[in-house]
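This is what each chain is made of:
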Amino acid sequence: MKWEDLRRSKNVQDRRGQNNQSGRTSSNPRGRGGGTNRSSGGLLNLLLPLLMSSGGGKWILIIILALGLFGGGFGLFDGVLDQSSNNQVIQTTTNQQTVNTDDLASDEELDFLAAVLGFTEDYWTQTFENYDMVYEPTSLVVYTAGTPTGGCGYGDSAAGPFYCPADQTIYIDMDFYHQLATRYQAPGDFAMAYVLAHEVGHHVQNLTGIMDEYNSARRGASENTANELNVRLELQADYFAGAWANYVQDHGLLEIGDLEEAMQAAYAVGDDTLQEAAYGRVVPDSFTHGTSQQRQNWFYRGFEYGDFEHSDTFSGSIDI
Ligand SMILES: [Zn+2]
C-alpha cells in the first residue's frame, strides 16, 4: 500500500513498552462478550476437552459467567481457540514484570497504522456523509504484553486485535503484527491494514446501531444461534474492511499483491483454519467468526462493491 504520503490519524495512543499489569490475575485475561464459549484464555485451555465434548459448552459457559470474564469486545478471531496464544497467557502471567523489548514494534509500523487509521477515517467520514450521518472516529491503542481497557476487561496478546464498544477503542498488541507474518503466514503491510480495517468495521457497526440490534437478537437465543449471529457480525466487519480496500484502490494507493495479502489474512483467521491448526478437527457449531472461505468471500464482496448496500450479512445465506 502506498501510505507514506497519507495524513496520520491523531486518534492513536502509543502504550508500547508500558508494563501495566495492575489488576491482572492469572485466570482473568480480557474476556470478550460476543461469543458464548470464548475467551477465558489459559483457563479455557484447561477446560477445552469439556467444551469439545458434547454438552460441555454449557458448563464452560456457566464457569465463565461465574468468573465474570465477559468483557464485551469484538476481536479479529477467537483467541481461545488459538493454542499458541493460550501458551502465551501462561508465559506472560509467570513473567508479569517482564516486557520483552523484542516485541516492541518499530516506529514505522506504528506510523503505518496511524496512516491506515487516518484513511479509514476519511473513507467512513465520506460514506457516512452520503447517508446524512456523522462519523465519529474510533481510537486506536497499540500496546505490548497487556493493557487495561475502558470497559472490556484486560487486553493481552492472547486476545489478538479487538474493538471495545464501551470505550469505542481498538486495541492491537503489536506482537500480533509480527505473528501475522510468521504464525499466521499472512505477511505484508496490507494484511495488517485488513486487520485494522476489520476492527474499524466493528466501530461502524457500533455507530450505526447494528451492534445494538445484534445484542438484542442474541438475548435469549440458543448457543448455536448466538454463535451464528456472531459469525454474521464478524463477516460484515470483513465486508467493511473490503469496502475500505475499494476506497484505497480508488485513490490509486493499492499496490500489486496487496489484495492477495488481505485475502491471505482473512483466510488465516477463519474458524476452521484456526481450529484445524490447534486441534486437528473443526466444530462448526462453535464457529464465531466464519470459515476461511466465508471471510475471504465477504471481504472480497466489500472490495467489489465498496458500499453499504451490499453489506447485509444478517439476512440470507452467508455462503455467497
Ligand atoms: Zn471481529
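For clarity, every value in this text was computed on a predicted model and none was experimentally measured. (Residues numbered from 1 in each chain as written. Predicted model: local features only at pLDDT ≥ 70, side-chain atom pairs only at ≥ 80, totals over all residues. Heavy atoms only, no water.)

Only Gly75 (O), His198 (NE2), His202 (NE2) and Glu234 (OE) from the protein coordinate the zinc ion, and they sit 1.9 to 2.2 Å from it. Taken together, the 4 donor atoms coordinating the zinc ion and their angles of 94 to 132° define a geometry best described as tetrahedral. Between consecutive donors of the zinc ion, the numbers of intervening residues give the motif G-x122-H-x3-H-x31-E. Of this pair, His202 sits in helix α6 (residues 189–207) while Glu234 sits in helix α8 (residues 223–250), and the two are 32 residues apart along the sequence. In this structure, His202 and Glu234 share a single accessibility class: buried. (Donors = N, O, S within 2.8 Å, 3.2 Å for Na, K, Ca; no water. Tetrahedral: all angles 85-135°; square planar, octahedral: opposite > 155°, others 65-115°. Helix = DSSP H or I, 4+ residues; strand = E, 2+ residues; numbered from the N terminus. Buried < 20%, exposed > 50% of the residue type's maximum accessible area, 1.4 Å probe, protein only.)

In the structure shown here, the tally under the stated rule is 22 aromatic pairs. With a centroid separation of 5.5 Å and an interplanar angle of 90°, the aromatic rings of Tyr194 and Phe299 are classed as edge-to-face. Here Tyr194, found in helix α6, pairs with Phe299, found in helix α11 (residues 292–305); they are 105 residues apart in sequence, far enough to count as distant. Geometrically, the ring pair formed by Tyr300 and Phe303 is tilted, given 5.9 Å between the ring centres and 45° between the ring planes. Taken as a pair, Tyr300 and Phe303 lie in helix α11 at a separation of 3 residues, close to a single helical turn. Residue classification places Tyr300 among the partly exposed positions, given a relative accessible area of 33%. By relative accessible area, Phe303 is classed as buried at 8%. (Phe/Tyr/Trp six-rings, centres within 6.5 Å; stacked < 30°, edge-to-face > 60°.)

Nonpolar side chains tend to gather and get buried jointly when the protein is soluble and globular. Met1, Tyr194 and Trp244 are the most contacted members of the largest nonpolar core, which has 68 residues in total. No other element matches the 12 residues that α8 contributes to this core. In this view, Trp244 contacts Met1, Val116, Phe119, Thr120, Tyr123, Phe190, Ala193 and Ala197; residues no more than four positions away in its chain are not counted. Of all hydrophobic cores here, the second largest spans 7 residues; its members include Val141, Cys152, Ala159 and Phe162. (Core = buried A, V, L, I, M, F, W, Y, C linked by side-chain atoms within 4.5 Å. Contact = heavy atoms within 4.5 Å.)

Following the criterion strictly, the structure yields 7 salt bridges and no others. A salt bridge links Glu121 to Arg7; its shortest N-O distance comes to 2.9 Å. Remark: Arg7 occurs in the segment before β1 (12–15) and Glu121 occurs in helix α4 (residues 107–130); sequence separation between them is 114 residues. Overall, Arg7 belongs to the partly exposed group, its relative accessible area being 39%. Across the pair Asp111 and Arg8 runs a salt bridge, and its minimum N-O distance is 2.9 Å. (Salt bridge = Lys/Arg side-chain N within 4 Å of Asp/Glu carboxyl O.)

Attention now goes to helix α10 (residues 271–279). Of all the positions in α10, only Asp271, Leu274 and Gln275 are classed as buried. Mapping the buried residues of α10 onto a view down its axis gives an arc of 95°, with all of them on the same face. Summarising the contacts, the buried residues of α10 are in contact with α9 (258–268). Positive phi appears at Gly280, one or two residues downstream of α10, with a value of about 75°. (Arc of directions from axis to C-beta.)

Relative to the assigned elements, Gly151 resides in the loop between β4 (146–148) and β5 (154–156). Sequence separation of Gly151 and Gly73 is 78 residues, and the distance between their C-alpha atoms is 8.6 Å.

In this section: the pairing of strand β3 (residues 139–143). With 4 of its 5 residues buried, β3 lies for the most part within the structure. Where β1 meets β3, 4 bridges bridge the pair, whose relative direction is parallel. In the sheet register, Val12 faces β3, and the bridge partner there is Leu140. Pairing between β3 and strand β7 (residues 169–173): 5 bridges, direction parallel. Looking at β7, one finds that Leu140 is bridged to Ile170. (Pairing = 2+ DSSP bridges.)

Reading across from one edge, β1-β3-β7-β6-β2 is the order of the 5 strands in this open sheet, with mixed pairing throughout. Both outer strands of the open sheet, β1 and β2 (74–75), are each paired with one neighbouring strand and no more.

What follows is about the state of the cysteines. Evaluated as defined, the whole model comprises 1 disulfide. One disulfide in the model links Cys152 with Cys164; its S-S distance is 2.0 Å. Judged by the sign of its S-S torsion, about 90°, the bond between Cys152 and Cys164 is right-handed. Taken as a pair, Cys152 in the loop between β4 and β5 and Cys164 in strand β6 (residues 162–164) lie far apart in primary sequence, 12 residues in all. Relative accessible area serves as the criterion here: at 0%, Cys164 is assigned to the buried category. (Disulfide = S-S within 2.5 Å.)

These figures capture arrangement, not role.
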